[in-house]
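Analysis of the macromolecular model
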Amino acid sequence: MITFKNKTAIITGATNGIGLATTRELAKLGMEIYLVCRNQTKGEQVIQEIKNTIGNDKLHLLLCDLSSLSQVRKTAQDFIRLNKQLDLLVNNAGIINTKRRLTQDNYEEMFAVNHLAHFLLTNLLLVSMSDSARIVNIASGAHILIRGINFGDINFQKGFKMLKVYSHSKLANLLFSYELAKRLKNTKITVNAVDPGEVSTGLGQQNKGLSSILYWVMKPFIQSPEKGAYTSIYVATSSKLKGVTGKYFRDCKEKEPKPWAKNDEMANKLWTVSLKMVSNY
């Protein structure tokens, strides 16, 4: 039986939607949790609410705007300086934009937040991970909508469409998961990806118009964040998945993604390109 009271986790996007639901459930297990979020007030409110309702006072903030790679690097360094052992990393945060936006690093924002930030954070935190740490990357079934990484125009200066570019970043999540699992094959650290399904979260709330219309169209098919978090929690904690790595899960079951999401050549190239993109920050 796995015990969690002496375990430490980091969760990105921990103050809303699936991230918040995941944080609450892990807090119930007694884990020490570091919540990565950009809004200090909201983060403190979430921590206080969990302390009051669950009784776990081992919750801490790591303030970080994931659209800034320098902030991502600082956040990782701040945790490393604590000399704590990291047992679980849940790369949950994500955004969707109706219009093309660039980060301060001049990268397309969805790719930067959904993929590059987690690519950098994960690689930096490897030095703090326990021998049997778990990395859980929240991906999406949206990867089926785009068959490859747009290496020729990774920032989508041309042909930007909301769903296409979001799906592009989610394909990157899967390729990263498989490539990292392969690179860690001689360790006991596991890396798995999760498709939470269609969930009512804060994703896209910064947008107006089209995203609101899509929400109401999809509402009958959308599940709660608590149900959406089931698979994340399962992959993060289940004793049945000890040593299981390089897999993709939905509804608490292993699922096979589209073939292009496991393409070795594309995954390796994405790794090389991503490493170059984050190296100056």
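Residues numbered from 1 in each chain as written. Predicted model: local features only at pLDDT ≥ 70, side-chain atom pairs only at ≥ 80, totals over all residues. Heavy atoms only, no water.

1. So, the sheet that holds strand 5 (residues 129-138)
Judged by pairing direction, the sheet is mixed, and its eight strands sit side by side in the order 3-2-1-4-5-6-7-8 without closing on themselves. Taken across any chain shown, the strands that pair with only one partner, and hence form the sheet edges, are strand 3 (59-63) and strand 8 (253-254). Here strand 1 (residues 8-12) pairs with strand 4 (residues 86-91) via three bridges, running parallel. When the bridges of strand 4 are listed, Ile11 appears paired with Val90. In the packing of helix 4 (residues 109-125) onto the sheet, contacts are made with strand 1, strand 4 and strand 5, and the angle to strand 4 comes to roughly 175 degrees. (Pairing = 2+ DSSP bridges. Helix = DSSP H or I, 4+ residues; strand = E, 2+ residues; numbered from the N terminus. Contact = heavy atoms within 4.5 Å. Axes fitted to C-alpha atoms, helices over the stretch in contact; angles between N-to-C directions.)

2. As for the packing of aromatic side chains
Considering all chains together, one arrives at six aromatic pairs under this definition. Taken together, a centroid distance of 6.2 Å and an interplanar angle of 75 degrees make the contact between Tyr107 and Tyr281 edge-to-face. Of this pair, Tyr107 sits in the loop between strand 4 and helix 4 while Tyr281 sits in the segment after helix 9 (264-278), and the two are 174 residues apart along the sequence. Taking 6.4 Å as the distance between ring centres and 70 degrees as the angle between the ring planes, the aromatic pair formed by Tyr234 and Phe249 counts as edge-to-face. Placement of Tyr234 in helix 8 (residues 230-237) and of Phe249 in strand 7 (residues 247-250) is noted, with a sequence separation of 15 residues between them. Judged by relative accessible area, Tyr234 falls into the partly exposed class, the value being 23%. One aromatic cluster in this structure is built from Phe119, Phe176 and Trp271. (Phe/Tyr/Trp six-rings, centres within 6.5 Å; stacked < 30°, edge-to-face > 60°. Buried < 20%, exposed > 50% of the residue type's maximum accessible area, 1.4 Å probe, protein only.)

3. A look at the state of the cysteines
Overall, the coordinates contain zero disulfides when judged by the stated rule. Of all cysteine sulfurs, the one in Cys37 lies closest to Cys64, which takes part in no disulfide; the gap is 9.5 Å. Classification of Cys64 as buried rests on a relative accessible area of 5%. (Disulfide = S-S within 2.5 Å.)

4. Section: empty space enclosed by the protein
Rolled over the atoms, a probe as big as a water molecule pinpoints where empty space is left. Taken as a whole, this structure holds one cavity of 30 Å³ or more when the rule is applied. Computed from the structure, the largest cavity encloses a volume of approximately 60 Å³. Lining of the largest cavity is provided by Asn91, Ala93, Asn114, His118, Asn137, Ile138, Lys170, Asn173 and Phe176. Secondary-structure elements contributing two or more residues to the lining of the largest cavity are helix 4, strand 5 and helix 5 (162-183). Sort the elements by how many residues they give to the lining of the largest cavity and helix 5 lands first, with three residues. (1 Å grid on protein atoms, 1.4 Å probe; cavity = no way out; pocket = protein on both sides within 12 Å on 5 of 7 lines; lining within 4 Å. Points joined across faces, edges and corners; volume = space filled by probe spheres on them.)

5. As for the pattern of salt bridges
Counted under the stated rule, the structure contains 12 salt bridges. One salt bridge connects Glu25 with Lys28, and the closest N-O pair in it is separated by 3.0 Å. Here the residue Glu25 and the residue Lys28 both occupy positions in helix 1 (residues 17-28), the gap between them amounting to three residues, near one helical turn. For the salt bridge of Asp78 with Arg81, the shortest nitrogen-to-oxygen distance reads 2.9 Å. Here Asp78 falls in the partly exposed class, since its relative accessible area comes to 25%. Counted as one network, the salt bridges with shared partners bring together Glu179, Lys182, Arg183 and Asp264. (Salt bridge = Lys/Arg side-chain N within 4 Å of Asp/Glu carboxyl O.)

6. Describing the packing of helix 4 against helix 9
It is at 10 Å that the axes of helix 4 and helix 9 come closest, and there the two elements cross at 85 degrees. Of the possible angle classes, the one that applies to helix 4 and helix 9 is roughly perpendicular. Contacts from Phe111, His115, Leu116, Phe119, Leu120 and Asn123 of helix 4 reach helix 9 at Leu270, Trp271, Ser274, Leu275, Met277 and Val278. By residue class, the composition of the contact of helix 4 with helix 9 is nine nonpolar, three polar and no charged. (Parallel < 35°, antiparallel > 145°, perpendicular 65-115°, else oblique. Nonpolar A, V, L, I, M, F, W, Y, C, P; charged D, E, K, R; others polar.)

7. Section: the environment of Asp153
Turning to its location among the elements, Asp153 is positioned in the loop between strand 5 and helix 5. Judged by its relative accessible area of 18%, Asp153 falls in the buried class. In terms of polar contacts, Asp153 uses its side chain to reach the backbone amide nitrogen of Lys158, at 3.0 Å. (Polar contact = N/O pair within 3.5 Å; in protein donor to acceptor, adjacent residues only side chain to side chain.)

Coordinates in, geometry out; function isn't part of it.
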